[in-house]
Amino acid sequence: MTAFLTNFFLRAYYSYKGLFLWLNWTAFISNVFIAPVVFVVIVTLTGRFAGQSDSANSYVIGMATYAIPVILSGGILQSFCYERTFGTLSLIYASRSNRWVTYWSKGLLHYPNALLAASTSLFFGWLLLDLDFSGLSWPALIVLLLVISFSCLCFCLFMGNFAIALREWILPAAIANGIVLITSGVVVPIDQLPGFLGEIGRVVPLTHGLSALRAAFEGASLGDVIDDIVYELVVGLSYLIAGGLLFSLLEANAKRTGTYESAI
């Protein structure tokens, strides 16, 4: 077990260190701390200008949690894409390493970035936009941030396969973020979306966790939102398994066609 964990953490470290090109102070601070806060302020002030000042808390909470998939998709999809661009993907396919460990390890060190982005956004939502923490259930907040970050991480790992197939990460990241923004209730409640979009929202990450988090700010306890927490975990685990299988299918296709360097 010790050897397995050592191997897992080493893979996570080298993937993060070598394939995450935002790992410099300028890019890291701007993407993890500054950009999420700017998004929160823009959307919240837009809502207030549109005459929906009573929804300010909802906007702040929605955009603060939306920072989670944004930072995760940017970091994780980079790692998948540059694995291929830098020529190391073929070495993985030629090795005898455990593919599931390789796949899972790519998200590990991006997970804290998601928590930092969301926490910073909520803090500045309180500081600049009067986000009300008075009725908040803190245990629910902590658990929900952990669960939402896990679920979004699994979704981004799943989308990482498309970064390999397409040889670039910006398009699949934009698609992933767009799907979450539109269908999860970040800005528009899912019960007000057209039928098919509302149904999509039920199977994307963030939807159930965001609903529970808003309830927690209104005083709901951890026990009150346990169903949403379970749903969010199920969604995340589903993407985790589906993404791992897709990662294996990409490898099988690469070996079948003899295109180790391109993976398609």
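Above: the structure in question.
These notes cover the structure that comes with them. Here the structure is a predicted model, which is why all the values come from computation and not from measurement.

Cut-off values and rules
- Residues numbered from 1 in each chain as written.
- Predicted model: local features only at pLDDT ≥ 70, side-chain atom pairs only at ≥ 80, totals over all residues.
- Heavy atoms only, no water.
- Helix = DSSP H or I, 4+ residues; strand = E, 2+ residues; numbered from the N terminus.
- Rg over C-alpha atoms; globule rule 2.2 N^0.38 Å.
- Buried < 20%, exposed > 50% of the residue type's maximum accessible area, 1.4 Å probe, protein only.
- Salt bridge = Lys/Arg side-chain N within 4 Å of Asp/Glu carboxyl O.
- Core = buried A, V, L, I, M, F, W, Y, C linked by side-chain atoms within 4.5 Å.
- Contact = heavy atoms within 4.5 Å.
- Disulfide = S-S within 2.5 Å.
- Polar contact = N/O pair within 3.5 Å; in protein donor to acceptor, adjacent residues only side chain to side chain.
- Phe/Tyr/Trp six-rings, centres within 6.5 Å; stacked < 30°, edge-to-face > 60°.
- Lys NZ or Arg CZ within 6 Å of the ring centre and 35° of its normal.
- Patch = residues over 30% accessible without salt bridge, like charges linked within 9 Å, V, L, I, M, F, W, Y side chains within 5 Å.
- Areas by Shrake-Rupley, 256 points an atom, 1.4 Å probe, with all protein chains shown as cover.

Some remarks on the overall build of the chain
- A tally of regular secondary structure across the chain gives 11 helices and 0 strands.
- Sequence-ordered secondary structure for the chain, helices as α and strands as β, is α-α-α-α-α-α-α-α-α-α-α.
- Its C-alpha atoms give the chain a radius of gyration of 19 Å, near enough to 18 Å, the size a compact globule of 264 residues would have.
- Seen through its principal axes, the chain has C-alpha atoms that stretch 60 × 40 × 40 Å.
- Residues counted as buried form 48% of the 264 residues belonging to the chain.

As for the pattern of salt bridges
- Using the criterion set out here, one finds 4 salt bridges in the structure.
- Ionic pairing is found between Lys 106 and Glu 83, a salt bridge with its closest N-O pair at 2.3 Å. Of the two residues, Lys 106 sits in the loop between helix 5 (99-105) and helix 6 (111-129) while Glu 83 sits in helix 3 (residues 56-85), which places them 23 residues apart along the sequence.
- Residue classification places Lys 106 among the buried residues on the basis of a relative accessible area of 4%.

A few points about the environment of Lys 17
- Tracing the sequence through the fold places Lys 17 in helix 1 (residues 2-19).
- Here Lys 17 falls in the exposed class, since its relative accessible area comes to 52%.
- Along the chain, Lys 17 and Ser 79 lie 62 residues apart, while their C-alpha atoms are 9.6 Å from each other.

Brief notes about the nonpolar core
- Counting residues in hydrophobic clusters, the biggest one holds 71 residues, and the most contacted among them are Ile 68, Leu 72, Phe 80, Leu 122, Leu 144, Trp 169 and Phe 217.
- In this view, Leu 122 contacts Ile 61, Ala 64, Leu 131, Phe 133, Leu 141, Leu 145 and Phe 217; residues no more than four positions away in its chain are not counted.

With respect to the state of the cysteines
- The final tally for this structure, using the stated rule, is 0 disulfides.
- Free cysteine Cys 154: the closest other cysteine sulfur is in Cys 152, separated by 9.2 Å.
- Just so you know, Cys 156 is unpaired, no disulfide at all, and the nearest cysteine sulfur is the one on Cys 152, 6.5 Å from it.
- Taking the relative accessible area as the measure of exposure, Cys 156 reaches 1% and is therefore buried.

Some points on the side chain of Glu 251
- Tracing the sequence through the fold places Glu 251 in helix 11 (residues 226-257).
- By relative accessible area, Glu 251 is classed as buried at 7%.
- Within the structure, Glu 251 has its side chain in polar contact with the side chain of Arg 99 (distance 2.7 Å).
- Glu 251 has contacts with Tyr 93 and Arg 99, leaving out every residue within four places of it along the chain.

Describing the packing of aromatic side chains
- With the rule as written, the count across this model stands at 18 aromatic pairs.
- A centroid spacing of 5.8 Å and a plane angle of 80° characterise the contact between Trp 22 and Trp 169, whose relative ring orientation is edge-to-face. Highlighted residues: Trp 22 in the loop between helix 1 and helix 2 (25-49) and Trp 169 in the loop between helix 7 (138-166) and helix 8 (170-183), separated in sequence by 147 residues. For the pair formed by Trp 22 and Trp 169, the shared burial category is buried.
- Aromatic pair Phe 28 and Phe 33: ring centres 6.3 Å apart, planes at 65°, arrangement edge-to-face.
- A relative accessible area of 14% places Phe 28 in the buried class.
- Ring-pair connections join several aromatic residues into one group, and the members of that group are Tyr 16, Phe 20, Trp 22 and Trp 169.
- Taking NZ or CZ as reference, Lys 106 lies 5.6 Å from the ring centre of Phe 80, over its face.

Topic: a nonpolar patch on the surface
- Residues Phe 162, Leu 166, Leu 171, Ile 175, Ile 179, Phe 196, Ile 200 and Val 203 make up a contiguous nonpolar surface patch of roughly 690 Å² in combined accessible area.
- Secondary-structure elements contributing two or more residues to the nonpolar patch are helix 7, helix 8 and helix 9 (195-201).
- It is helix 8 that provides the largest number of residues to the nonpolar patch, a total of 3 residues.
- Here Leu 166 falls in the partly exposed class, since its relative accessible area comes to 45%.

Considering the side chain of Ser 73
- Mapped onto the elements of the fold, Ser 73 is located in helix 3.
- A distance of 3.0 Å separates the side chain of Ser 73 from the side chain of Asn 177, its partner in a polar contact.
- Residue contacts for Ser 73: discarding those within four places in its chain leaves Gln 78, Cys 156, Ala 173 and Asn 177.

A few points about the environment of Ala 35
- Tracing the sequence through the fold places Ala 35 in helix 2.
- A sequence separation of 132 residues divides Ala 35 from Arg 167, and the C-alpha atoms of the two residues are 26 Å apart.

The analysis is restricted to geometry; functional conclusions fall outside its scope.
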